[in-house]
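# Structural characterization, general
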Amino acid sequence: MEQTKIKEDLYEAVNGEWIKTAEIPADKPATGGFQDLVDGVDELLMTDTKNMQAGSAKIPSTLMQEYIDYFNLANDYKTRDAEGATPMLPLLKRVEALQNFSDLNQQLSSWVLDGLPLPFGLDVDADMKNAKVNALFAAAPSLILPDKTYYEADHPQAQQLLTIFKEMTLQLFALAGYDAAYAEKMTEEALHFDQLLAPHVKSAEENADYSKMYNPESGEDFVAHSSQLQLKELIEHLIGVLPEKIIVTEPAYFQKLDELVNPETFPLMKSWMLVMTLNALTGYLSEEFRQVGGTYGRALSGAPEARPQEKAAYYLASGRFDQVVGDYYGKHYFGEQAKKDVRQMVESMVGIYQERLSQNTWLSPETREKAIVKLKTLGIHVGYPDTIPAIYSQFHVEKDQPLLHNALRFSRLSREDQFAKWNQLVDREEWEMSADTVNAYYHPFRNIIVFPAAILQAPFYSLEQSSSQNFGGIGAVIAHEISHAFDNNGALFDEFGNLNNWWTESDKKHFQALADDMIAQFDGLEIADGKVNGKLTVSENIADAGGLSCALEAAKKENQVDLAAFFINWATIWRMKARPEYTQLLLAIDVHAPNKLRANVQVKNLKDFYQTFDIQPTDAMYLAPEKRVSIW
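Just so you know, these numbers come straight off a predicted model, no measurement behind them.

### Thoughts on the packing of aromatic side chains
- Tallied over the full model, the rule gives 37 aromatic pairs.
- Pairing Trp503 with Trp632 gives two aromatic rings, centres 6.4 Å apart and planes at 55°, and the pair type is tilted. You can see Trp503 sitting in the loop between α24 (467–483) and α25 (505–522) and its partner Trp632 sitting in the segment after α30 (607–613), a full 129 residues away along the chain.
- The class of Trp503 is buried, set by a relative accessible area of 9%.
- Through pairs of rings, three or more aromatic residues link up here, namely Tyr353, Trp362, Phe486, Trp502, Trp503, Phe511 and Trp632.
- Here the basic side chain of Arg307 rests over the ring of Tyr315, its NZ or CZ set 3.7 Å away from the ring centre.
- Between the NZ or CZ atom of Lys339 and the centre of the ring of Tyr384, over which it lies, the distance is 4.0 Å.

### Considering the sheet that holds strand β5 (residues 246–248)
- Overall, mixed pairing links the four strands, which are arranged β2-β3-β5-β4 in an open sheet. Either end of the sheet is taken by a strand with one partner, and the two such strands are β2 (121–127) and β4 (216–217).
- The sheet contact formed by strand β3 (residues 130–139) and β5 spans three bridges and is parallel. When the bridges of β5 are listed, Ala138 appears paired with Val248.
- Against the sheet, helix α13 (residues 231–239) touches β2, β3 and β5, its axis set at about 55° to β2.
- Relative to β2, helix α23 (residues 403–420) is tilted by about 45°, and along the sheet it contacts β2 and β3.

### Some details on helix α9 (residues 158–175)
- Counted at 1.5 Å a residue, the expected span for α9 with its 18 residues is 26 Å, and the 26 Å between its end C-alpha atoms agrees.
- Residues Ala158, Leu161, Leu162, Ile164, Phe165, Lys166, Met168, Thr169, Leu172 and Phe173 constitute the buried set of α9.
- Buried positions along α9 lie against α10 (180–197), α16 (266–280), α17 (287–293) and α18 (295–301).
- The positive-phi residue at the C-terminal boundary of α9 is Gly177, with phi of around 90°.

### Quick look at the sheet that holds strand β8 (residues 448–452)
- Reading across from one edge, β6-β8-β7 is the order of the three strands in this open sheet, with mixed pairing throughout. Edge strands, defined here as strands with exactly one partner in the open sheet, are β6 (379–383) and β7 (441–443). Strand after strand, the sheet turns through a mean of 15° between neighbouring axes, direction not considered.
- Pairing analysis gives five bridges linking β6 to β8, with the strands arranged parallel. Bridging from a neighbouring strand, Gly383 pairs with Pro452 of β8.

Cut-off values and rules
Residues numbered from 1 in each chain as written. Predicted model: local features only at pLDDT ≥ 70, side-chain atom pairs only at ≥ 80, totals over all residues. Heavy atoms only, no water. Phe/Tyr/Trp six-rings, centres within 6.5 Å; stacked < 30°, edge-to-face > 60°. Helix = DSSP H or I, 4+ residues; strand = E, 2+ residues; numbered from the N terminus. Buried < 20%, exposed > 50% of the residue type's maximum accessible area, 1.4 Å probe, protein only. Lys NZ or Arg CZ within 6 Å of the ring centre and 35° of its normal. Pairing = 2+ DSSP bridges. Contact = heavy atoms within 4.5 Å. Axes fitted to C-alpha atoms, helices over the stretch in contact; angles between N-to-C directions. Expected span 1.5 Å × (residues − 1).

Have a look at this one:
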C-alpha cells in the first residue's frame, strides 16, 4: 500500500480498491466490514436452520425445536398468502370499534400488553439512581418520520418520505379490503396526529444526552398528565400498584399530553392507531403485504428490494428466538476455550486502561481513584450468556394457528414478563444482544461490557492476523466499549450504574471542555451531501478516541509490533459502501460518526500515526498539534 496515499486519506488508501468493486446486495442498504460479517453469520445459521428443518441435522434442544417450528410457519408463504389479511383484521376491527376514551380505557391494560399503538409508552429498566432495582419508565411514542428534525419546514426529504408513507398505507388498506375514500381519510388524519406529536418529542440529538432521561415523578403526578386516559388504573393493572416513582424520559411531552390527547383529537388519534397497527404487522402476512409494507423502510435505506422470502422468515424466527439461536451459535461456532481466550484479552485491555487512568495528568487524585474503582467493578461478558432467559421456555408454537397469532402471543408473554420485573433486582447477567449479533455494547445502568461471539472474527479478530492487526481491530472495539464508561454519558454513572456525580467540580469542567473539543472536531464535517452533528455523535467519538489510543498502547507493549498494520486494520474494520439514502438517514439519527470519518479523524489525534507514516504539515491527513483532541 502506497504511503503517499495514506498521507492523503487513510480510509481511501486502505479501502478504495474494495469500494470500487464492492456490490451492495439488493436487499441491503450497505455492505462492508460489519455487514459482511452479518451476511456470513446469517448464511451459516440459515443453512443450519434448513438442515434441522429437513432432518439432516439434529435439533439440539426443545427450545431450538420451537424456533424451527416458528421458522416453518414464517417460511410457509403458501399458507400466508391464502390467509391474506385475515389474521390482522380482528386487531383493525378492535381499533375501529373504539367510540370514545371510555371504550379505550376499558381495555387499556390489554392494549398495552398486546402491543397496540398508544400515544405513550411504558417500560421497565434499572432505576438510574438505584440501579440494583428495576423501575417503571414512561416515554413518548415514535414518529412516522425518522426524527423530529425531519418535521422542520425546509427539510429536503420530508415531503417525499411522507408521500411514500401515505401511498404505501393506502395500498395496505386496499389489500385489507378497505374502501379507498375511508382509507384516504384515515391516513390523512393519522399524518395530522403525527404532526401534532412532533414538536413535543425529543430529537435524536436530545435523546443522546442520558442525563436528560432521568426525570422522576410521583405516581400521582404522572397519572395527572391525562384527564382522559386512566393511567392510574392501567399502571396498577400492569405492575400491581401505582409506584411512588415513575421515570419520565420526555417530561415536556407529557406536560402537553392533555393538549394532544383529548375528545377533540380522539378521531385523529384513533386513525393514527389504526394506521400504525396496519403498518406494524405486514411482515407477518402474505407476500404482497410484506412487499408493500416494506416500501417506506426501503425508501429510507435506499435498498431496491425486500429480503428474499426465506431470509425474511429466518429474520422473523431468529429475532423472536434470539437468545436461543445465539446460544446455539455461541456453543457451536465459538466455544468455551475461545470465550476464555477473549475474556483474557478484555481483562488485559482493562488493565491497560487502568494504567492509563493511573497516569492521567488532568484528573485530580480523588476523581482518578473513583474512575479506577468503576473500572475494577466493570462486568465483562464474552461470547454468549451462561443461561437462556426463562421466558423462552414459554414460547410454544401453535402450528395450526397463523404466524401472526403466534407472534402476537409471544410478544404479549414478553411484555408480561417485562412488567413482572418491576421493583425486582436487576439481573446484571442478562444480555441485551444475542451471541450471533455482530456488535458490542456498554450498559451504563449496569456498568457492564458485552462482546457477542459473532464480532470475534476477522477482520476484528483472528489467529491468522498479527497481534498488531488484532489490536487495531477487536482491541480497539474492546477499549471503545470500556471508554463508554467514561464518555460524556457513561461518566455520569458510578461503579454500580447509578446516576451519581463522582467528579470534582474542576475535573467535571475540564472533561466538559475536552468533550466540547471533540464535538467541535466533528461538527459540520461534510460527507455524502450532508454534515456531521458533533453533539449527536460525541459519546461514540469519545469512545472511539479512547479505544484507539488504549489499543495502540496495548499493541506497543507486544514484542513484535507493527503500527502500520495496526492503523491499516483500524481503517479496514470501518470499510463500508452505502446507498446515499442510508447515509443521509444515519447522519440524521445515528449516534456514530460516518465510518470514513471514524477511520480518518481519530488517527489524526495520535502522535504515533504521524511517525508511522511520516505525515507532514503539507499532507491532507495532518492536523496541527493544538487541534488534536485527547481525552482518555
